[in-house]
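Working through the structure, step by step
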Amino acid sequence: MNGVLSCTRAHNFSAGPGTLPQSVLDEVRRELPLYGSVGSSIMEISHRSPEYTAIEASARSRLHTLLGLGDEWHILFLQGGASMQFYQVPLNFLPNGGAVDYIVTGTWAKKALKEAARVGVARVAASSEKDAFAHIPTDGELELDPDAAYLHFTSNNTVYGTQFRKEPESRTPLVCDASSDFLSRSIDLERYGLIYAGAQKNIGPAGVTIVLVRDEFLRRRNLELPTMLDYGTHAAKCFNTPPVFAIYVVEKVLGWLVDLGGIEAVEKRNLDKAKHLYTRIDSSDFYRGTAREASRSLMNVTFRLPEKDLEERFVAAAKSQGLVALKGHRSVGGIRASIYNACPPEAVTALVDFMDDFERTCG
């Protein structure tokens with residue numbers, strides 16, 4: 001094949017791992033056999049080598065640039081995914097005899113609450129489960145413990161297609177699972193104690209989880225923690241072998257985001273994509289959005305067709321047209337188009353055009 005790809009790249013709407021920028025994939029492909037002048041692949045070099053150290057330093061620098069992080073923030077590259085963070089966060093920050101608050105807005109928020117309850121008292125400050133997780137609770141719905149160590153929320157819900165438009169109001173520090181909308185829009189950093197995000201939705205491949213923790217919040221952590229589960233261990237130094245390849249790709253995606261114009265430009269791009277798709281959904285009764293309009297996600301657009309059989313035909317026909325991974329989560333069904341940062345606008349246009357054709361044919 002002489003290194004030439006054997007098929008046309010599809011428009012990928014996978015909920016995760018999500019699509020990556022074409023330019024990043026091309027660069028990784030070129031560098032994969034030989035990285036720089038080290039004589040081997042990036043996957044074969046020491047994590048303590050100057051070449052890898054430079055990659056990690058660049059990734060940190062680009063995160064500082066994109067988010068406007070000050071020196072009070074620690075940037076950690078951990079393993080275990082967001083699911084590990086569900087337990088690691090309360091293990092570090094739920095004090096003995098204290099409590100924490102959780103806003104439950106979907107599958108992953110429920111899992112985070114369950115893990116926190118293993119450690120101590122984890123309260124449900126609000127839940128949208130009775131509404132089949134179709135909306136984000138308003139600040140008026142929150143029942144907060146003023147003495148809670150933190151308030152945890154999941155900023156975007158991949159299964160149900162909902163998203164917080166802004167941070168929930170709380171006098172306690174916010175802890176956020178931002179796995180599926182990390183670096184997709186601006187946030188109010190001053191409100192947070194800790195933010196974690198699995199890389200595989202918006203900033204890289206699976207294998208690394210970004211944790212941002214404010215130093216003041218870090219100093220509140222519990223004592224006598226298991227070494228590997230203590231955030232302080234990783235804030236102090238590179239304690240063990242990190243997921244080198246995943247961080248290498250993340251560094252390149254962060255550079256791509258900087259080159260796009262930073263968070264402001266990325267947010268506008270994401271708003272435009274989502275508006276295009278939601279406008280099409282709302283233009284007829286053939287397609288029906290599943291999330292309340294005020295809570296709709298810019299990352300995961302979920303909708304239904306009049307019949308399950310039509311949904312199955314829709315997914316199959318879309319795949320034949322190069323539009324892949326549109327089947328909704330197995331727990332809810334329907335259609336889900338994940339349009340993360342790297343999903344190009346032309347992919348959304350292609351999907352909307354297909355929706356027009358499918359409705360004309362099957363509506």
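Above this note sits the structure.
The structure contained in this document is the topic of the report that follows. (Residues numbered from 1 in each chain as written. Predicted model: local features only at pLDDT ≥ 70, side-chain atom pairs only at ≥ 80, totals over all residues. Heavy atoms only, no water.)

**A look at the nonpolar core**
For clarity, the cut-off: Buried Ala, Val, Leu, Ile, Met, Phe, Trp, Tyr and Cys residues that are joined via side-chain atoms within 4.5 Å together make up what is termed a nonpolar core. Only protein chains enter the accessibility calculation, which uses a 1.4 Å probe; a residue whose area is less than 20% of its type maximum is buried, one above 50% is exposed, and one in between is partly exposed. By definition, residues are in contact when any of their heavy atoms lie within 4.5 Å.
Judged by nonpolar contacts, the single largest core of 51 residues is most densely connected at Phe182, Leu183, Ile203, Leu212 and Leu254. Here Ile203 is in contact with Phe182, Leu183, Ile210, Val250, Val253, Leu254 and Leu257, once residues within four sequence places are set aside. Counting residues in hydrophobic clusters, the runner-up holds 31 residues, among them Leu277, Ile335, Ile339 and Val348.

**Remarks on the sheet that holds strand E2 (residues 73–78)**
Let me state the cut-off plainly: Pairing between strands is defined by DSSP: at least two bridges between them are needed. Strands are runs of DSSP state E lasting at least two residues, helices are runs of H or I lasting at least four, and both sets are numbered from the N terminus onward. Here the axes come from fitting lines to C-alpha atoms, over the contacting stretch only for helices, and the angles between their N-to-C directions go from 0 to 180 degrees.
Taking strand neighbours across the sheet as the criterion, the 7 strands line up as E2-E10-E9-E8-E5-E3-E4 in an open arrangement whose pairing is mixed. Of all strands in the sheet, those with a lone pairing partner are E2 and strand E4 (121–127), marking the two edges. The sheet shows a mean angle of 20° between the axes of neighbouring strands, taken without regard to direction. Summarising the sheet, strand E5 (residues 151–154) and strand E8 (residues 174–177) pair through 4 bridges and their orientation is parallel. Along E8, the bridge assignment pairs Leu151 with Leu174.

**So, the sheet that holds strand E11 (residues 288–289)**
Strand pairing in a sheet relies on backbone hydrogen bonds. The paired strands run either parallel or antiparallel. Taken together, the 3 strands give an open sheet; going across it, the order is E11-E12-E14, and neighbouring strands pair in antiparallel fashion. On the outer flanks of this sheet lie E11 and strand E14 (335–338), each paired with one strand and no other. Pairing between E11 and strand E12 (residues 300–304): 2 bridges, direction antiparallel. Counterpart to Arg288 in the pairing with E12 is Arg304.

**Things to note about the packing of helix H8 (residues 262–282) against helix H10 (residues 345–362)**
We count it as follows: For classification, angles of less than 35 degrees are called roughly parallel, those exceeding 145 degrees roughly antiparallel, those between 65 and 115 degrees roughly perpendicular, and all remaining angles oblique. Three classes are used, and their members are as follows: Ala, Val, Leu, Ile, Met, Phe, Trp, Tyr, Cys and Pro are nonpolar, Asp, Glu, Lys and Arg are charged, and the others, Gly among them, are polar.
Contact pair H8 / H10: the axes reach a minimum separation of 10 Å and the direction vectors enclose 0°. The orientation of H8 with respect to H10, classified from their angle, is roughly parallel. Side by side, H8 and H10 meet where Arg269, Lys273, His276, Leu277, Arg280 and Ile281 of the first sit next to Pro345, Val348, Thr349, Leu351, Val352, Met355, Asp356 and Glu359 of the second. Across the contact of H8 with H10, the residue classes break down as 7 nonpolar, 2 polar and 5 charged.

**Focus: the packing of aromatic side chains**
To keep things clear, this is the line we draw: Only rings of Phe, Tyr and Trp enter the pairing, Trp through its six-membered ring, and a pair is recorded when the two centres are within 6.5 Å. The plane angle decides the type: under 30 degrees is stacked, over 60 is edge-to-face, the rest tilted.
Under the defined criterion, the tally for this structure stands at 17 aromatic pairs. Measuring from centroid to centroid gives 6.0 Å for Phe303 and Phe314, while their planes differ by 90°, and the two rings are edge-to-face. On the criterion of sequence distance, the pair formed by Phe303 in strand E12 and Phe314 in helix H9 (residues 308–320) is long-range, its members being 11 residues apart. We note that Phe303, like Phe314, is buried.

**A closer look at H8**
To keep things clear, this is the line we draw: The length a helix should cover is 1.5 Å for every residue beyond the first. Note that the arc is defined by the directions from the helix axis to the C-beta atoms.
The terminal C-alpha atoms of H8, which comprises 21 residues, lie 30 Å apart, in line with the 30 Å expected from a rise of 1.5 Å per residue. Taken residue by residue, H8 has Gly262, Ile263, Val266, Arg269, Asn270, Lys273, Ala274, Leu277, Tyr278, Arg280 and Ile281 as its buried positions. For H8, the buried positions fall inside an angular range of 155° around the axis, keeping them on one side. For H8, the exposed residues lying more than 90 degrees away from the buried face are Glu264, Lys268 and Lys275.

**With respect to the side chain of His135**
Cut-off, in case you're wondering: Pairing of N or O atoms within 3.5 Å defines a polar contact, subject to two protein rules: one partner must be a possible hydrogen donor and the other a possible acceptor, and residues neighboring in sequence count only if both atoms are side-chain atoms.
The residue His135 is located in the loop between E4 and E5 in this model. Within the local environment of His135, its side chain forms a polar contact with the side chain of Asp131, the two groups lying 2.8 Å apart. Among residues more than four places away in sequence, those in contact with His135 are Ser128, Glu141, Thr162, Arg292 and Ser295.

**With respect to the pairing of strand E9 (residues 192–198)**
Every other side chain in a regular strand lies on the same face of the sheet, so the side chains alternate between the two faces. Counted residue by residue, E9 has 7 buried out of 7 residues, so it is predominantly covered. The pairing of E8 with E9 spans 4 bridges and is parallel. The partner of Leu174 across the bridge, within E9, is Tyr192. Pairing of E9 with strand E10 (residues 209–214) involves 5 bridges; the strand directions are antiparallel. By the bridge assignment, Gly198 is partnered in E10 with Thr209.

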